[in-house]
Each structure stands twice: as C-alpha cells, then as structure tokens.
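# Secondary and tertiary structure notes
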Amino acid sequence: MKISKKSQDVARLEYTKRNDEISQKHLDMVTHHIKTMQRGGALEGAIEREFIQMAEAKVQARMEIYLSAFRHDGVTPDESDINEICSEIESTVKAISNRTHHPPHPSSREYYSNIVITARRDLTLARMKMQREQSGSEARRSHADQPVPKNLDRQCMELAITEAKKSRAEDGRIHPKVGAVVVKEGRILATAYRGETGLGHHAEFGALEKKLGHEVVSGATLYTTLEPCTTRRHPKVPCARRLLERGIRRVVIGMLDPNPIICGKGIRILRSAKVATDLFPHDLMEIIEEINREFVRTQENAEAPQVASQPSPVDPWLKLRGQWISLEPLYDETGQPAPYPRFRVEEVTDSDVKLKKESSDQMVFLPLACLSNPWRADSYGAMSATIDKGRLYFDSTTQMWVYRA
C-alpha cells in the first residue's frame, strides 16, 4: 500500500480492537436471541440478521480505518490498494458467511456477496473524492455537490423521482421504488435510492447513514418520493424515527404509503415532533404513483380481504402471549424519540395488555384501545404494534416506562 508501514500497523491494530468489539456485541445478541426465543424460523432469522449486521459493521470499520490512514499520510489509494483492501474484506465476509455453528440460509448468501460489491464501490468513490480534494478543485461531479438552482423544491423533487427509478428490489417480491434527496443551506448533500447502498436499504437510510453518517445534517430538508416508514424489524430503525434522530426539520413527500399499516402515520409522527411536512405537486405525484403502480396494486389487494372480517381486538394479542413485540413510537419525557426496547406479552384481558420490558422486570399496562393490531413486521416472524392513542415514554427519574393517555 502507498501508506507508510507505521500507518499500516496503526490501522491494523485499530481494526483488531474494533473487530473484537463488533464480534462481542453481535455474538452477545445471538446468545440473547437463543435464550429468549423459541426454536424455529423467527430464531433462525434473528441469528442470521445479527451475522449479516456483524459483517456490515466489520467491513465499514475496515474501510473507515484504512481511508483515515490514507488521509493522514496525504496520499490517495490506487487500484492496487483498493484490491488489497477488498481482498481483506472478502476474507472477513467469507469467514462469517461460512461459519459452521449457525450456517446461513441460502437466500442470505446474496446479502453477503452484495456487502463486498458495495464496499468496492464505496472505496472507489472515496478515492475519486480524495483525488478531487487533492487537485484543489471545488467543482464536483455528483448531484450531491452541485449548487441547487433557484427553484429548489421543484428541482429536488424531480431529482428524487429520477433516483427512485433506479431502485433495486432485494428479492422476488414487489417493493416500492423510492428516491431521496437531502438539502441543507441551499446545497444538495446527498441523493439515494432504495437498494443503492445495500440490499433492502431504504433510500432515507442510504442517504442519511451510509452517505452522510458522519455529517451534520440537523436543520436539513429531505425530499422523498414515499412517506417515511414507521416500522422496521428489530433492531432496524424506522425511517420516520431516523429523520427525527438526525434533526431533519422539513420533509417533502411524494406519495403516502399505500400500506394501510403505515399510511398517514409517518406524516403524523413527523408533525407531532414539529417537523414541517409538505407534499409533491399533483403532476409529480402522478409520476410517482405510475412508477409504483404494481406496489400500490399489491398493497390494495392485500388490504381488501381484511375489510370483510372484524375480529375482536383481543384475539391477535391472545396469540402473542409469551412472545416478544416492538412498540412504536416511543419517547423520552422531553418528547424526543427514545431507544426502542422490546416487550414480552405477559397477560391479555378484554381491555388491557400486560407487557414485560426486555432485560428488566418492569411491567407496563397498555389499554388495547390505544394499540393497533400487532402485525408480522418481516418474513422472520418479528412482531410490531403501533401506539395510536396516548404516549408511552421513558421517565429518567424513575427509570420506568410510563403510559399517558
């Protein structure tokens, strides 16, 4: 590599430390899942997610450390440097995917392969950026660095639609085509589309975490072609909550999510947190609906059978006794989004559900009337529910979760 031997040694030492920390964190979670979940598809899915996230974290750490070393020495990596780093990354990912104690599901191998592909692309982009920086040129080639025109809103909305058309599905199912654009102080900071930074990655996640993870975006505006989601399988963070965590102050939305579980709730969560929300104009909204017509049709067809039957609100909760569930949205006492713990369903009555907080003996009683029916948040069996009325928040004084109507 072009970097000095001393920088290489420091980088490898730093990576060894972070590698051990990452391994311990995710293996602890695997142990936790084995102890708290019943054997079956849900447990296997939870374990597989931990190993995939472990691989992603280790790859990200390795890239960050090496790129930092190159910047420290004032040199730019060439193709041979990238090949050497990618070879190390491939070995790391291969070791995790070929583990023997918990062999991965065949469908997960594509995820592991995509981690390596994405890493090479990110390293190449980082090299190009460093070359431009070293040349002293302020002009940049991507949308993410061009000054925005005067008609900011319209241009950014159209750019988000252009990004949405590039979306890639992670499997054979029909997924929405979503594009996102982040703007602050009159400049476009990043653009992203679904699946750009990784299989299944939402556009908002790609823009805010993968591309702007180390940037200050507080006060920025986000343009997104689809209403931000309000639920993800644990431990992923819903996009609506992610926007609040990053301090986004305005969100411009192309269309509401046709999924009845989410429709309108993303906007409501944002507005409740005093985030300004606007919609794309009618003509652009029509374009978004057209490119997502298959997804809209799928959601409408899935919704129709539910209209005929109206089961008791108690029934779905009775089936969950002894199982874990995620609730959202959750807050601290100041009204800011709080970390999402899981709760175990202990008892269910005609009017209330008794929940036990994960890793604690605390019990929380919630009226069934304030909760949506629980739903399966992913193909692995993880369950979620939305608090539609009142608020569940964490009281730092008592260290307890409290519900207020």
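What counts, and where the lines are drawn
Residues numbered from 1 in each chain as written. Predicted model: local features only at pLDDT ≥ 70, side-chain atom pairs only at ≥ 80, totals over all residues. Heavy atoms only, no water. Helix = DSSP H or I, 4+ residues; strand = E, 2+ residues; numbered from the N terminus. Buried < 20%, exposed > 50% of the residue type's maximum accessible area, 1.4 Å probe, protein only. Contact = heavy atoms within 4.5 Å. Areas by Shrake-Rupley, 256 points an atom, 1.4 Å probe, with all protein chains shown as cover. Core = buried A, V, L, I, M, F, W, Y, C linked by side-chain atoms within 4.5 Å. Axes fitted to C-alpha atoms, helices over the stretch in contact; angles between N-to-C directions. Parallel < 35°, antiparallel > 145°, perpendicular 65-115°, else oblique. Nonpolar A, V, L, I, M, F, W, Y, C, P; charged D, E, K, R; others polar.

From N to C terminus, the protein includes eleven helices and 14 strands. Counting every position in the protein, which comprises 405 residues, the buried fraction comes to 49%. Counting only contacts in the protein whose residues sit at least 6 apart along the sequence, the fraction spanning at least 24 positions is 66%. For the protein, the computed accessible surface area is about 20400 Å², with 51% contributed by carbon and sulfur atoms.

Let us now look at the nonpolar core. Judged by nonpolar contacts, the single largest core of 39 residues is most densely connected at Val-181, Ile-248, Val-251 and Phe-280. By residue number, the principal contributor to this core is helix H5 (residues 152-164), which donates five residues. Ignoring sequence-local partners within four residues, the contact set of Ile-248 consists of Leu-208, Val-217, Ala-220, Leu-222, Leu-243 and Val-275. Ile-52, Ala-61, Phe-70 and Ile-82 belong to the second largest nonpolar core, which has 34 residues in total.

Right, let's get into the packing of H5 against helix H9 (residues 282-291). Packing of H5 against H9 brings their axes to within 11 Å, and their N-to-C directions diverge by 5°. By the angle class used here, H5 and H9 are roughly parallel. Of the residues in H9, those in contact with Arg-154, Met-157, Glu-158, Ile-161 and Ala-164 of H5 are Asp-283, Leu-284, Ile-287, Ile-288 and Ile-291. Of the residues assigned to the contact of H5 with H9, the class counts are seven nonpolar, no polar and three charged.

The next point concerns the environment of Thr-230. Inspection of the secondary structure puts Thr-230 in the loop between strand S3 (221-224) and helix H7 (239-245). On the accessibility criterion, Thr-230 (4% relative accessible area) is buried. In sequence terms Thr-230 and Ile-267 are 37 residues apart; their C-alpha atoms lie 9.4 Å from each other. When near neighbours in sequence (up to four residues on either side) are disregarded, Thr-230 contacts Pro-238, Ala-240, Ile-261, Ile-262, Lys-265, Gly-266, Ile-269 and Glu-328.

A few words on unusual backbone geometry. In this model, Glu-185 sits at a positive phi of 50°, which is unusual for a non-glycine residue. Structurally, Glu-185 is set in the loop between strand S1 (179-184) and strand S2 (187-193). The class of Glu-185 is exposed, set by a relative accessible area of 75%. Positive phi, normally seen in glycine, also occurs at Lys-274, with a value near 65°. Relative to the assigned elements, Lys-274 resides in the loop between helix H8 (265-272) and strand S5 (276-279). Residue Lys-274 is classed as exposed on the basis of its relative accessible area, which comes to 67%.

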